[in-house]
Amino acid sequence: MSAFGTDKRHHTLTVLVENKAGVLARVASLFSRRGYNIFSLAVAPTNDERFSRITIVVDVESAPLDQVMKQLDKLIPVVSITELAPETARERELLLATVHAAPETRGQVIQLVGVFEGKIIDVGLDCLTVMLAGAPTKLDDFEDLIRSYGIIELQRTGRVALPMLDRSDHGSRTSATVLGFTSHTEKAG
Amino acid sequence: MELTGAQALIKSLEKQQVEVMFGLPGGAILPVYDPIIDSSIRHILVRHEQGAGHMAEGYAQVTGRPGVAIVTSGPGATNIVTPLADAYMDSIPLVVVTGQVATSSIGSDAFQESDITGITMGITKHNWLITDAADIPRVVAEAFHVATTGRPGPVLIDVPKDVAQASMEWYWPQPSDLDLPGYHPVTEGDPELIRQAAELILAAERPVLYAGGGILKAGASEGLRELAERTGIPVVTTLMARGSFPDSHPLCLGMPGMHGNYTAVTAMQRSDLLIALGSRFDDRVTGRVDAFAPEAKVVHVDIDPAEHHKVRRADVAITGDCRSVIDDLLAALDAQGLPHSDATRGGSGGAPIDAVEGAPAVPGSVAASLPRARLSPWRARLSEWQERFPLVYDPADTSGGLKPQMVLETLRDATPDDTIVASGVGQHQMFASQWWKFDYPNTWVNSGGLGTMGFAVPAAIGAKVGRPDRTVWAVDGDGCFQMTAQELVTASSERIPVKIAILNNAYLGMVRQWQEMFYEERYSEVYLSPDLPDYVGWAESMGCVGIRVESPEEVAPAIDKANSIDDRPVVIDFRTDASEKVFPMVASGSSNDDIVVDPSQIRGDR
């Protein structure tokens, strides 16, 4: 099994940070020195150029989530932190893989990519490069299935996530909460 | 007005009302040293950059204002890493300015280049690498704001040489110009949580106020005293909080922790409610965490919410500044019907918190003259422990040299009550904390969290610069003294008359104590020699008065002589007994229930 299961140990934090030099290093250094485990990490600019968003999947068995969030919040360039529990998040990830696909197995690989609704983005003499976007568990399954054909190279982006939308008539638009353990996370959120 | 970056930097420090900075110039910081000549800011030239950092810490701890240090790039910057780590652990506001190689050279392994913002990322509250001279005033304003608000701490500003040389149009930022969208410390406690805390306090039968360094940082000593007196709840003051509540007050139990006194440690162990005020359940206080205060509920007030539930789960966790929360708590106690009583204010029960001469404290038990009848059984137990397990030593036994406790008692009694005491780290630090009587806030300057040997001499110098009106004594060990003694040259040349008491037992004493107790007296690399170096000769060569004291009858005259000298530093080399150990002691990893008292108290000799 892949390490990227969606068991309850994995919580997703989306961390809004100032878009300044060295901010990712501050976040990574914090996790390292306090002994928190990161399962995956993705960084991208936001639609506001002053800020970037870091999506971190943390192992909550390595440290209490409350501590991880509060320590993160102490970093001056961290503006807000949203915590998504596995059951309240829409999580997606992208996988690229180059797979052995000799003529006798090529059809099977193509079929598998079709079943998973992936795409073939490059074709070589005896291999294929495929792309698959989806929920992390789906990527785990795909990865398990193509392994027997021979994976030459495989990369995953680490997951990004947004809160599930709330479909009830009243209440907030989404089901996520920006944890308001200090007023500034509330304000900034 | 057009200024160079260097001029803008110094002008910005002046705008922040900096009166003194501690530093040492070098290549990359050269441009910044030029405008220092024309500045109103006093610059104290240290002999090693570590000294600059600890001086700034000592200054900050006694004045409550941020300490400022300025050093060059590379080794200058790395030499101040230890003080930054120290200040981070003890939440001391520092602003450190480092030179950096020119921006075009950064990353090229240039001469005296080091990635100081990377190195200090984990030991500063925040740091900045300035890449545009126009940012200098704003960054300086941000740096002072971050260092001094919320949970205070050290910050670092890295200034490349070309940025210092570039020109910029001077401005001074308004508070709204600060670019800190992620920084909004909370100072006011949540009223509902404060109400819950008040309920717990009124229901408790064996409560203890567990005061930490946050009391001093918040200037909450008066509030703490009112809270203690109105509720009748006894107070323990941690190593970082010595002086935040007067030792002479009948409700003061003194220091808890690994070398705390029996009553303070055991009061917490048996307590049913710990009211933690700006304290952080440090491992030296709790001993083995799962055996710490097993019956106690916890109210935890801290300005840093990350301290809540970090070590010990709190029943009520209040984020806020201690002064503000204590005031609100007093109001909540009023609202819940806690009667006002003058019985314990001032007068006979009161300690001399604002009396310079120090009115005599009520001797004896904590049970004296307290209002809350319901707590009487608790206070009676505490008094029993205090009578049964006071701090002890045998003054008559002088066979092995001076008793360090006796030296400290004599020193304490021969100096003004508001004397500032700085210490290094080790046995002498614990003896000083145990045997001094701290009746005033901000009179105890030590390295608590990091445990930095060599802290005392430079910290005392910084303290004396901050409070020239006070007598400043450093209580140091011989091991510590050798680490930073060169700063006495700084003190002599700058006419900063600090006084140093070296408790010279010729050993790394605390390590020796552990080797004696836990390593079957196998002494590994702890012997230092009593007279190599010759401390008196060394002191005199640095422009100080040096005095050696070997016999008990010389102790008081030597201290009197030192106290009479006010134009240069004085160093007294007290030859102390190497076999003397610090008791009580909770061994590392043990439960506080397994506190080891002085052997004489077990045998029942006294």
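These remarks concern the structure in this document. (Residues numbered from 1 in each chain as written. Chains lettered and ligands numbered in written order. Predicted model: local features only at pLDDT ≥ 70, side-chain atom pairs only at ≥ 80, totals over all residues. Heavy atoms only, no water.)

1. Here we look at the nonpolar core
All names here are of chain B. Here is the rule: Working definition of a nonpolar core: buried Ala, Val, Leu, Ile, Met, Phe, Trp, Tyr and Cys residues. They are joined through side-chain atoms within 4.5 Å. Residue burial is assigned from relative accessible area. The probe radius is 1.4 Å, only protein chains are included, and a residue is buried under 20% of its type maximum, exposed over 50%, and partly exposed in between. Put simply, DSSP marks the helices as runs of H or I at least four residues long and the strands as runs of E at least two long, and each gets a number from the N terminus on. Contacts are assigned to residue pairs with any non-hydrogen atoms lying within 4.5 Å of each other.
Membership of the largest hydrophobic core comes to 51 residues, with the highest contact counts inside it found for Phe22, Phe481, Leu488, Val498, Ile500 and Val571. The element that contributes the greatest number of residues to this core is helix α18 (residues 456–466), accounting for seven residues. If near-sequence neighbours (up to four positions away) are discounted, Ile500 is found in contact with Val457, Trp473, Ala474, Asp476, Phe481, Leu488, Val570, Val571 and Ile572. If you look at the next biggest cluster of nonpolar residues, it comprises 37 residues, including Ile29, Tyr33, Phe144 and Tyr183.

2. A word on the sheet that holds strand β14 (residues 316–319) of chain B
All names here are of chain B. Going by this rule: Two strands make a pair as long as DSSP finds a minimum of two bridges between them. Note on geometry: axes are lines fitted to C-alpha atoms, helical ones only across the stretch in contact, with angles between N-to-C directions running from 0 to 180 degrees.
Read from one edge of the open sheet, six strands run β11-β10-β9-β12-β13-β14, paired in parallel fashion. Where the open sheet ends on each side, the last strands, each with one partner, are β11 (252–254) and β14. Neighbouring strand axes in the sheet, compared pairwise and without regard to direction, differ in orientation by 20° on average. As paired strands, strand β10 (residues 235–237) and β11 are joined by two bridges and run parallel to one another. Along β11, the bridge assignment pairs Val236 with Gly254. Against the sheet, helix α9 (residues 191–203) engages β12 (273–277), β13 (297–302) and β14, with an angle of about 135° to β14.

3. Brief notes about the packing of aromatic side chains
Residue and element names in this part refer to chain B. Keep this limit in mind: Here is the rule: rings of Phe, Tyr and Trp (six-membered ring for Trp) pair when centre to centre is within 6.5 Å. Planes less than 30 degrees apart are stacked, more than 60 are edge-to-face, and the remainder are tilted. Counted as over-ring charges are cases with an Arg CZ or a Lys NZ within 6 Å of the ring centre that also lie within 35 degrees of the ring normal.
Summed over the entire model, instances satisfying the criterion amount to 18 aromatic pairs over all chains. On the basis of an interplanar angle of 15° and a centroid distance of 6.1 Å, the ring pair of Trp170 and Trp172 is categorised as stacked. Consider the rings of Phe438 and Trp444, whose centres lie 5.1 Å apart with planes at 55°: the pair is tilted. Residue classification places Trp444 among the buried positions, given a relative accessible area of 4%. Here the basic side chain of Lys11 rests over the ring of Trp170, its NZ or CZ set 5.4 Å away from the ring centre. Between the NZ or CZ atom of Arg512 and the centre of the ring of Tyr507, over which it lies, the distance is 4.8 Å.

4. Some details on the sheet that holds strand β4 (residues 67–71) of chain B
Residue and element names in this part refer to chain B. The sheet built from six strands is open, its strands ordered β3-β2-β4-β5-β7-β6 with parallel pairing. Strands at the two margins of the open sheet, each flanked by one partner only, are β3 (42–45) and β6 (126–129). Averaged over all neighbouring strand pairs, the angle between strand axes comes to 20°, with direction disregarded. Looking at chain direction, β6 and strand β7 (residues 154–160) are connected through four bridges and run parallel.

5. Quick word on a nonpolar patch on the surface
All names here are of chain A. Put simply, the rule is: Nonpolar side chains (Val, Leu, Ile, Met, Phe, Trp, Tyr) are joined into patches within 5 Å and like charges within 9 Å, using only residues with over 30% relative accessible area and no salt bridge. Residue exposure ignores everything except the shown protein chains as possible cover, and the areas themselves are Shrake-Rupley values with a 1.4 Å probe. Any Lys or Arg side-chain nitrogen found within 4 Å of a carboxyl oxygen on Asp or Glu counts as a salt bridge.
Among the surface-exposed residues, Leu24, Ile38, Leu41 and Val43 lie close enough to one another that they form a single nonpolar patch of about 280 Å² accessible area. A per-element tally of the nonpolar patch places strand β2 (residues 38–45) first, with three residues. Relative to the helices and strands, Ile38 resides in strand β2.

6. With respect to the pattern of salt bridges
Residues and elements named next belong to chain B. Considering all chains together, one arrives at 43 salt bridges over all chains under this definition. For the salt bridge of Lys403 with Glu580, the shortest nitrogen-to-oxygen distance reads 2.6 Å. Here the residue Lys403 occupies a position in the loop between α15 (376–388) and α16 (404–414), and Glu580 occupies one in the loop between β20 (570–575) and α24 (599–603), the gap between them amounting to 177 residues. Of the two residues examined, Lys403 and Glu580, each falls in the buried class. One salt bridge in this structure joins Arg412 and Asp413, with 3.0 Å as the shortest N-O distance.

7. Some points on the pairing of strand β9 (residues 207–211) of chain B
All names here are of chain B. For β9, the tally of buried residues reaches five of five residues, placing the bulk of the element in the interior. Side chains Pro207, Leu209 and Ala211 project from β9 onto one buried face, and the interleaved Val208 and Tyr210 project onto a second face that is buried too. The pairing of β9 with β12 spans five bridges and is classified as parallel. Note on β12: the bridge partner recorded for Val208 is Leu274. Bridge count for β9 against β10 is three bridges, and the pairing is parallel. Considered in β10, the bridge of Tyr210 is made with Val236.

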